[in-house]
Amino acid sequence: MSNCIFCKIVAGDIPASKVYEDDHLLAFHDIAPKADTHLLVIPKAHIENLNDLTPAHSELMGHLLVTLPRIAGAQGLKGFRTITNTGVEGGQEVFHIHFHILGGADLPGF
Ligand code: 5GP
Ligand code: ZN
């Protein structure tokens, strides 16, 4: 997607503070952190949000879910919060599926 900011990060066209990368996933620091540690984990493939997933994405999304806590752990987080906003009504602002990892001191109650 040529106008997608996260696809541009995947392509290396705009910079990001990357903390993890493999063939299918990328994780980087959120540009406007809302916690001591605020990471975003994305599949490299452009998928808008959870509503666009199909069974064909099962392996990819399983890989993401299994890898996500390892990414958090590598940043020193023993516990963390994971958020995925879906659609405008869900507060989504960037329409490339992403999982927020929030952790560290002062994590607000939910
Ligand atoms: P959403 O509301 O879509 O779940 O969250 C989008 C997140 O992407 C926000 O927390 C926002 O700060 C982050 N973000 C938006 N643009 C950029 C960017 O260019 N680089 C990085 N690293 N994060 C971004
Ligand atoms: Zn994208």
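As shown above, the structure is provided for reference.
Asker: Quick question: what am I supposed to make of the overall build of the chain here?
Answerer: Each helix and strand counted, the chain has 2 helices and 5 strands in total. Walking the chain from its N terminus toward its C terminus, one meets helices and strands in the order α-β-β-β-α-β-β. For the chain, the C-alpha radius of gyration of 13 Å lies close to 13 Å, the compact-globule estimate for 110 residues. C-alpha atoms of the chain, sized along the principal axes, occupy 35 × 30 × 25 Å. Counting every position in the chain, which comprises 110 residues, the buried fraction comes to 35%. The contacts in the chain between residues at least 6 apart in sequence include a share of 55% that link residues at least 24 apart. About 6,500 Å² of surface is accessible on the chain, with carbon and sulfur atoms providing 55% of the total. In the chain, 7 positive and 12 negative side-chain charges are present, and the distance between their average locations comes to 7 Å.

Asker: I keep staring at the side chain of Gln92 and nothing clicks. Help me out?
Answerer: Examined against the element boundaries, Gln92 turns out to sit in the loop between strand E4 (81–83) and strand E5 (99–103). Separated by 2.9 Å, the side chain of Gln92 and the backbone oxygen of Glu48 make a polar contact. Excluding residues that lie within four positions of it along the chain, Gln92 makes contacts with Glu48, Asn49, Asn85, Thr86, Gly87 and His98.

Asker: Help me understand the pattern of salt bridges in this model?
Answerer: Opposite charge on two side chains lets them pair, provided their charged atoms get close. Counted according to the given criterion, the structure contains 1 salt bridge. A salt bridge links Glu21 to Lys44; the shortest N-O distance between them is 2.8 Å. Here the residue Glu21 occupies a position in strand E1 (residues 18–21), and Lys44 occupies one in the loop between strand E3 (37–43) and helix H2 (58–74), the gap between them amounting to 23 residues. For Glu21, a relative accessible area of 43% translates into the label partly exposed. Owing to a relative accessible area of 22%, Lys44 belongs among the partly exposed residues under this scheme.

Asker: I keep staring at the site of ligand 1 and nothing clicks. Help me out?
Answerer: Near ligand 1 there are 17 residues, and of these Asp30, Glu93, Val94, His98 and His100 occur at the shortest range. Interatomic distance of 3.0 Å between a backbone N/O atom of Gly91 and an oxygen atom of ligand 1. Contact with the protein chains covers 87% of the free accessible surface of ligand 1, which is 530 Å². Of all the secondary-structure elements, those providing two or more residues to the shell around ligand 1 are helix H1 (5–11) and strand E2 (25–29).

The rules behind the values
Residues numbered from 1 in each chain as written. Chains lettered and ligands numbered in written order. Predicted model: local features only at pLDDT ≥ 70, side-chain atom pairs only at ≥ 80, totals over all residues. Heavy atoms only, no water. Helix = DSSP H or I, 4+ residues; strand = E, 2+ residues; numbered from the N terminus. Rg over C-alpha atoms; globule rule 2.2 N^0.38 Å. Buried < 20%, exposed > 50% of the residue type's maximum accessible area, 1.4 Å probe, protein only. Contact = heavy atoms within 4.5 Å. Areas by Shrake-Rupley, 256 points an atom, 1.4 Å probe, with all protein chains shown as cover. Lys, Arg positive; Asp, Glu negative; His and termini not counted. Charge placed at Lys NZ, Arg CZ, Asp CG, Glu CD. Polar contact = N/O pair within 3.5 Å; in protein donor to acceptor, adjacent residues only side chain to side chain. Salt bridge = Lys/Arg side-chain N within 4 Å of Asp/Glu carboxyl O. Near = heavy atom within 4 Å.

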